Structure formats: C-alpha cells, structure tokens
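Each chain, letter by letter, is given below.
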Amino acid sequence: MKKPTNQNQVIKNCLGYNRQHCAQTLSNQGIDSIAFGHWLAIPSQQLLLVFRHQQCVAVDDYQVAA
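Parameters and conventions
The residue count restarts for each chain, going from 1 along the sequence in the order it is written. Confidence filtering applies because this is a predicted model: local features only for residues at pLDDT of at least 70, side-chain atom pairs given and counted only at 80 or more, and all residues used for totals across whole chains, interfaces and linings. Side-chain numbers come from the whole structure's heavy atoms, not from hydrogens or water. Under the DSSP-based scheme used, a helix requires at least four consecutive residues in state H or I and a strand at least two consecutive residues in state E, with every element numbered from the N terminus. Taken over C-alpha atoms, the radius of gyration is set against a globule rule of 2.2 Å times the number of residues to the power 0.38. In this scheme, a residue with accessible area under 20% of its type's maximum is buried, one over 50% is exposed, and one in between is partly exposed, where area comes from a 1.4 Å probe on protein chains only. Two aromatic rings, drawn from Phe, Tyr or Trp (for Trp, its six-membered ring), form a pair once their centres lie within 6.5 Å of each other, and the interplanar angle then sorts them: stacked below 30 degrees, edge-to-face above 60, tilted otherwise. Both a distance and an angle decide whether a charge sits over a ring: NZ of Lys or CZ of Arg must be within 6 Å of the ring centre and within 35 degrees of the ring normal. Any two strands with at least two DSSP bridges between them are considered paired. Interaxial angles span 0 to 180 degrees and are taken between N-to-C directions of axes, which are lines fitted to C-alpha atoms, for helices over the stretch in contact. Take the buried residues of types Ala, Val, Leu, Ile, Met, Phe, Trp, Tyr and Cys, join any two whose side-chain atoms come within 4.5 Å, and each joined set is a nonpolar core. Contacts between residues were defined by any pair of non-hydrogen atoms, one from each residue, lying within 4.5 Å.

(A) Spotlight on the overall build of the chain. The secondary structure content of the chain amounts to two helices and four strands. Listing every helix and strand of the chain by position from the N terminus yields α-α-β-β-β-β. Relative to the globule expectation of 11 Å for 66 residues, the C-alpha radius of gyration of the chain, 11 Å, shows essentially globular dimensions. Over its C-alpha atoms, taken along the principal directions, the chain stretches across nearly 30 × 30 × 15 Å. Evaluated residue by residue, the chain yields a buried proportion of 24% over its 66 residues.

Listed below in structure tokens is the structure:
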C-alpha cells in the first residue's frame, strides 16, 4: 500500500478525468475503489470521487455508518 500522502495526490489528480481513467489510475496505484451511481468510493481514505457528465468534478469525504 502506498503512503497516504501519495494516495491523496493520486486521488486529487483524478479531477477532470472520466470514471474509467480514474478507476484504472487508482487500481494501478494499488488503491481499492468501488463504483456506484455517480461516484467512485475509496474506502481506505473514506473519500468519494464525484462525477458529472462523465467527468470527475469533486473529491468529498464520507463517514461510515454504524
């Protein structure tokens, strides 16, 4: 597993790219993601990549429900 700071930079670099590119980039870096709806979830960082019109427009955090 890569260092969190490196993971954060990889994740931020996904902004502006399509879902397939982002998922492949994350996979290449050993970062697990889960695709659903208009998001890619990154459980290890509790982050969501938000997509609009097939393009990553935001990185948001989320909390795990109890």
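More follows now that the structure is in view.
(B) Local environment of the packing of aromatic side chains. This structure, assessed with the given rule, holds one aromatic pair. Each ring, one from Phe36 and one from Trp39, has its centre 5.6 Å from the other, and the planes form 40°; the classification is tilted. The ring of Phe51 is capped by Arg19, whose NZ or CZ atom sits 5.0 Å from the centre of that ring.

(C) The sheet that holds strand 4 (residues 55-61), seen in detail. With antiparallel pairing, four strands are arranged side by side in an open sheet as 1-2-3-4. The sheet is open, and its two edges are formed by strand 1 (34-36) and strand 4, each paired on a single side. The sheet shows a mean angle of 25° between the axes of neighbouring strands, taken without regard to direction. As paired strands, strand 3 (residues 47-52) and strand 4 are joined by six bridges and run antiparallel to one another. The residue bridging Phe51 from the neighbouring strand is Cys56, located in strand 4.

(D) Just the nonpolar core, in detail. Core analysis: the largest hydrophobic core is formed by 12 residues, namely Val10, Ile11, Cys14, Cys22, Leu26, Ile31, Leu40, Ile42, Leu47, Leu49, Phe51 and Cys56. Secondary-structure elements contributing two or more residues to this core are helix 1 (4-12), helix 2 (19-28), strand 2 (39-42) and strand 3. Here this core takes three residues from strand 3, the largest share from any one element. Apart from the residues within four sequence positions on either side, Leu49 is in contact with Ile11, Cys14, Cys22, Leu26, His38, Trp39, Leu40, Ile42, Cys56, Ala58 and Val59.

(E) Representation of the environment of Asp61 within the structure. Here Asp61 is to be found in strand 4. On the basis of relative accessible area, Asp61 is assigned to the exposed category, the value being 64%. Residues Asp61 and Ala41, spaced 20 residues apart in sequence, show a C-alpha to C-alpha distance of 9.3 Å. In contact with Asp61, not counting residues within four places along its chain, are Gln46 and Leu47.

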